[in-house]
Amino acid sequence: MVIPPPPRMPENGNYAPGPAIVNEPPSSFLIVMNITNIITQLLLGAVTCCAIITANFYLPFNGTAFSTHIYLCVIGYVVLMTQAILSLSPFTGWSNTFKHQDKKTIHLVMQIIGSILAITGSMIRIFNVAAHFQSAHGSLGILALIFTCLSLIGGVANLYSHRLGVDPKFIIIGHACFGCITIILPFLALIFAFDSNLYRGTFPQTANMAITFTVLALVGTLMAACLNMVRRFK
Ligand code: HEM
């Protein structure tokens with residue numbers, strides 16, 4: 001590859017006026033947000049691993065329904081739905097190369113696939129247990145399921161906001177707020193799952209760590225969602 005030579009200095013010492021390309025150092029806000037984003041991604045990976053290890057551990061004892069429940073819920077909520085939220089953040093490396101319109105399509109597709117997996121995973125367990133609403137984990141999981149279905153409808157309303165005759169700003173804010181609640185609920189369910197006798201009894205050394213990772217990953221994901229909302233209405 002031939003590297004072009006640098007532009008020659010004009011005789012009078014002044015370059016012709018034009019858009020100046022200045023390599024300014026990144027602001028401390030940008031650095032903090034980029035680091036926060038990377039840490040959030042790592043924490044989400046760690047939470048996923050903790051849950052998947054549990055699923056694999058119980059596969060020979062509890063049969064496939066229990067493990068499938070964990071796999072589908074965790075991949076749906078913790079992997080896909082969080083990445084769908086993070087994809088719209090300007091601090092997320094993997095989505096930075098896409099235009100805003102493409103990011104919206106990626107967000108939509110990830111939300112739909114994530115929701116389908118999470119709903120299926122929850123339904124499998126609901127049909128698999130004899131009594132419902134017996135634990136904080138189960139109750140929050142069912143609430144998360146209801147909010148996920150409603151959120152999907154909200155997402156479609158957001159898509160057609162210009163045709164509904166309502167100020168699109170309200171629909172976008174409503175969709176974002178509802179989306180935040182929808183992601184908080186499965187994370188709370190997961191925290192109670194890691195706090196359960198089942199998890200603490202099996203992996204006593206990692207329960208507190210898994211809970212801490214889940215809380216911090218949720219905070220990081222919500223931070224990106226809130227900043228996005230503020231940025232859009234500045
Ligand atoms: C984001 C992830 C998760 C969600 C949204 C979720 C959701 C649910 C739902 C909806 C139920 C049915 C509750 C009922 O019918 O009353 C349930 C039951 C159950 N889940 Fe999960 N789950 C998740 C992850 C996990 C993990 C990681 C574990 C294991 C550590 C687990 C263990 C259980 C157990 C033991 C039950 C049956 C007893 C109970 O209701 O607590 N779940 N879950």
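Per-chain numbering applies: the sequence of each chain, read as written, is numbered from 1 onward. In view of the model being predicted, local features appear only for residues whose pLDDT reaches at least 70, and side-chain atom pairs are presented and counted only at 80 or more, with totals across whole chains, interfaces and linings using the full set of residues. Hydrogens and water molecules were not included; the side-chain quantities draw on all heavy atoms of the structure.

A. A look at the overall build of the protein chain. Each helix and strand in the protein chain was counted, giving six helices and zero strands. What counts as a helix is a DSSP run of H or I of at least four residues, what counts as a strand is a run of E of at least two, and both are numbered from the N terminus. Listed N to C, the secondary structure of the protein chain is α-α-α-α-α-α in terms of helices and strands. Counting over 234 residues, the protein chain shows a buried share of 35%. A sequence separation of at least 24 residues applies to 70% of the contacts in the protein chain between residues at least 6 apart. For the protein chain, the accessible area works out to roughly 14,000 Å², and carbon and sulfur atoms hold 71% of it. Accessible area is worked out with a 1.4 Å probe on protein chains only. A residue is then buried under 20% of its type maximum, exposed over 50%, and partly exposed in between. Two residues qualify as a contact provided that any one of their heavy atoms is within 4.5 Å of a heavy atom in the partner residue. Accessible surface area values rest on a Shrake-Rupley calculation with a 1.4 Å probe, where residue burial reflects the displayed protein chains alone.

B. Here's a closer look at the nonpolar core. Among the nonpolar cores identified, the biggest contains 37 residues, and Y77, V78, I183, F187, F194 and Y199 are the most heavily contacted of them. Mapped onto this core, the elements with two or more residues apiece are α1 (28–86), α3 (136–159), α4 (168–195) and α6 (207–232). Apart from the residues within four sequence positions on either side, F187 is in contact with L44, V78, T82, T214, A217 and L218. As used here, the term nonpolar core means buried Ala, Val, Leu, Ile, Met, Phe, Trp, Tyr and Cys residues forming a set that is joined through side-chain atoms within 4.5 Å.

C. Just the packing of aromatic side chains, in detail. Note on aromatic contacts: the rings of Phe and Tyr and the six-membered ring of Trp form a pair at centre separations within 6.5 Å, being stacked when their planes are under 30 degrees apart, edge-to-face when over 60 apart, and tilted otherwise. Going through the model one piece at a time under the given rule, you end up with seven aromatic pairs. The interplanar angle of 75° and the centroid separation of 5.3 Å between the aromatic rings of F57 and Y58 together place this pair among those described as edge-to-face. On the accessibility criterion, Y58 (12% relative accessible area) is buried. An aromatic cluster of three or more residues is present, and its members are F57, Y58, F66, F194, Y199 and F203.

D. View of the site of the ligand. Whether a residue is near a molecule or strand is decided by its heavy atoms; if any one of them lies within 4 Å of it, the residue is near. Taken together, 20 residues lie around the ligand, and H69, H132, F133, S135 and H137 are the ones closest in. Contact distances for the ligand include 2.9 Å between a nitrogen atom and a side-chain N or O atom of H69. In the analysis that follows, any N or O atom pair within 3.5 Å is treated as a polar contact, provided that within protein one partner can donate a hydrogen and the other can accept it, and provided that, for residues neighboring in sequence, both atoms belong to side chains. The separation between an oxygen atom of the ligand and a polar main-chain atom of F133 is 3.0 Å. Among the elements of the structure, α1, α2 (100–128), α3 and α4 are those that each provide at least two residues to the shell around the ligand. Looking at which element gives the most residues to the shell around the ligand, the answer is α1, with six residues. Residues are sorted three ways: Asp, Glu, Lys and Arg are charged, Ala, Val, Leu, Ile, Met, Phe, Trp, Tyr, Cys and Pro are nonpolar, and all the rest, Gly among them, are polar. Grouping the amino acids of the shell around the ligand by side-chain chemistry returns eleven nonpolar, eight polar and one charged.

E. Quick peek at the packing of α2 against α3. For the pair α2 and α3, the least separation of the axes is 10 Å and the interaxial angle reads 155°. With respect to α3, the axis of α2 lies roughly antiparallel. Helix-helix and strand crossings are classified by hand; for α2 and α3 the assignment is left-handed. Here α2 contributes L108, Q111, I112, S115, I119, S122, M123 and I126 to the contact with α3, which in turn contributes I142, L145, T148, C149, L152 and L159. Axis definition: a line fitted to C-alpha atoms, limited for helices to the stretch in contact. Angles are taken between N-to-C directions and run from 0 to 180 degrees. Here the angle decides the label: under 35 degrees means roughly parallel, over 145 means roughly antiparallel, 65 to 115 means roughly perpendicular, and every other value means oblique. Definitions for this section: a left-handed crossing has its near helix turned counterclockwise from the far helix by less than a right angle. A right-handed crossing has that turn clockwise.

F. Seen up close, α4. If you check α4, its first and last C-alpha atoms are 41 Å apart, about what 28 residues at 1.5 Å a residue would give, namely 40 Å. Listed as buried for α4 are I171, I172, C180, T182, I183, L185, P186, F187, A189, L190, I191 and F194. Expected helix span is taken as 1.5 Å per residue step, with the number of steps being one fewer than the number of residues.

G. Structural view of the coordination of the iron atom of the ligand. Listed as protein donors to the iron atom of the ligand are H69 (NE2) and H137 (NE2); their distances from the metal cover 2.0 to 2.1 Å. Only nitrogen, oxygen and sulfur atoms count as donors, using a 2.8 Å cut-off from the metal that widens to 3.2 Å for Na, K and Ca. Water is left out, so coordination shells may look unfilled. Angular criteria define each label, namely tetrahedral for four donors with all angles between 85 and 135 degrees, square planar for four and octahedral for six donors with opposite donors over 155 degrees apart and remaining angles between 65 and 115, and irregular for whatever fails these tests. Coordination at the iron atom of the ligand is octahedral: its six donor atoms span angles of 85 to 178° at the metal. Here H69, found in helix α1, pairs with H137, found in helix α3; they are 68 residues apart in sequence, far enough to count as distant. H69 gets classed as buried once you look at its relative accessible area, which sits at 11%.

H. Looking closely at empty space enclosed by the protein. Definitions used for this entry: grid spacing 1 Å over protein atoms alone; cavity, a set of points where a 1.4 Å probe fits but cannot get out; pocket, an open set with protein on both sides within 12 Å along at least 5 of 7 lines; lining residue, one with an atom within 4 Å of a point. Grid points are joined across faces, edges and corners, and a volume is the space filled by probe spheres set on the points. Overall, the coordinates contain one cavity of 30 Å³ or more when judged by the stated rule. When its volume is computed, the largest cavity comes out at roughly 50 Å³. Forming the boundary of the largest cavity are M33, T36, N37, T40, L86, S89, F91, G220 and A224. Here the lining of the largest cavity takes five residues from α1, the largest share from any one element. Class assignment of the residues belonging to the lining of the largest cavity gives a composition of four nonpolar, five polar and no charged.

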